[in-house]
Amino acid sequence: MPVHGGNSIINGGDFCAPGTKLQREAGVQDSPELMLNDMLRKCSYLNHPELAKMVAYNAKDALEWTESYIGARYTKLNYQGGHSVKRANGTISASGSELVNKLLVKAKELGVKLQLRTKLVRFMSNKEGRIVGIEVRKGLQIPR
Ligand SMILES: Cc1cc2nc3c(=O)[nH]c(=O)nc-3n(C[C@H](O)[C@H](O)[C@H](O)COP(=O)(O)OP(=O)(O)OC[C@H]3O[C@@H](n4cnc5c(N)ncnc54)[C@H](O)[C@@H]3O)c2cc1C
């Protein structure tokens, strides 16, 4: 793509996590167990249970990491479909741009070099199967 951010920069900025500061302030009772049950029930138990559990039990730490590490701000508690309580912590911009743009600033601080219009074609592995490189196509133009 000619711009950074993917879907994450245009999304609604709602970060679902149980036991957050916004929930405590609003008096919402929540827990990782309840979030996991909501995720499993609303997906008709078709989820990969271990991955769903990983999300439910680590979401609060991940959200707080975005606050402390990149300075993300969450200002509004919202409902999202499938959740039995208000647990969608909305970013100040009501968009994922609050996270992506701040991650980008941090990445640049850390010396990460960004390359746009660069398509990953395949991973390259050595004889042992270890990934040792990637093949990319650069300078792609969007066909008209
Ligand atoms: C309108 C909208 C609103 C949403 N609102 C919410 C919300 O409020 N809360 C929520 O939790 N979720 C929301 N979602 C879902 C959420 O945005 C996605 O689940 C999330 O952004 C996916 O992140 P990702 O990193 O997997 O993909 P992306 O953020 O899309 O990033 C993928 C990146 O990889 C690049 N890419 C793909 N293939 C290649 C390749 N071969 N080579 C090089 N680069 C490549 C893409 O260009 C892109 O930059 C929303 C989605 C949409 C579309």
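Residues numbered from 1 in each chain as written. Predicted model: local features only at pLDDT ≥ 70, side-chain atom pairs only at ≥ 80, totals over all residues. Heavy atoms only, no water.

Tell me about the environment of L114, and name the residues and values.
Among the structural elements, L114 can be located in the loop between α4 (97–109) and β4 (118–125). By relative accessible area, which is 45% here, L114 ends up partly exposed. Separated by 110 residues in the primary sequence, L114 and H4 place their C-alpha atoms 8.7 Å from one another. Non-local contacts of L114, meaning those with residues more than four positions away in its chain, are made with H4 and L104. (Helix = DSSP H or I, 4+ residues; strand = E, 2+ residues; numbered from the N terminus. Buried < 20%, exposed > 50% of the residue type's maximum accessible area, 1.4 Å probe, protein only. Contact = heavy atoms within 4.5 Å.)

Can you lay out the pattern of salt bridges for me, pointing to particular residues and giving the numbers?
Tallied over the full model, the rule gives nine salt bridges. Residues D38 and R87 are paired through a salt bridge, measuring 2.9 Å at the closest nitrogen-oxygen approach. Residue D38 is located in helix α2 (residues 32–42), and its partner R87 is located in the loop between β2 (74–78) and β3 (88–91); the two are separated by 49 residues in the primary sequence. As far as the burial class goes, D38 and R87 line up, both buried. With a closest N to O distance of 3.3 Å, E64 and K60 form a salt bridge. You can see E64 and its partner K60 sitting in helix α3 (residues 49–70), four residues apart, about one turn around the helix. (Salt bridge = Lys/Arg side-chain N within 4 Å of Asp/Glu carboxyl O.)

Which residues make up the site of the ligand, and what are the values?
Neighbouring the ligand are M1, G5, G6, N7, S8, N11, G12, G13, D14, T118, K119 and L120. Within the backbone of G12, a nitrogen or oxygen atom sits 3.0 Å from a nitrogen atom of the ligand. D14 is positioned such that a nitrogen or oxygen atom in its backbone is 2.8 Å from a nitrogen atom of the ligand. Tallying contributions element by element places β4 first for the shell around the ligand, with three residues. (Near = heavy atom within 4 Å. Polar contact = N/O pair within 3.5 Å; in protein donor to acceptor, adjacent residues only side chain to side chain.)

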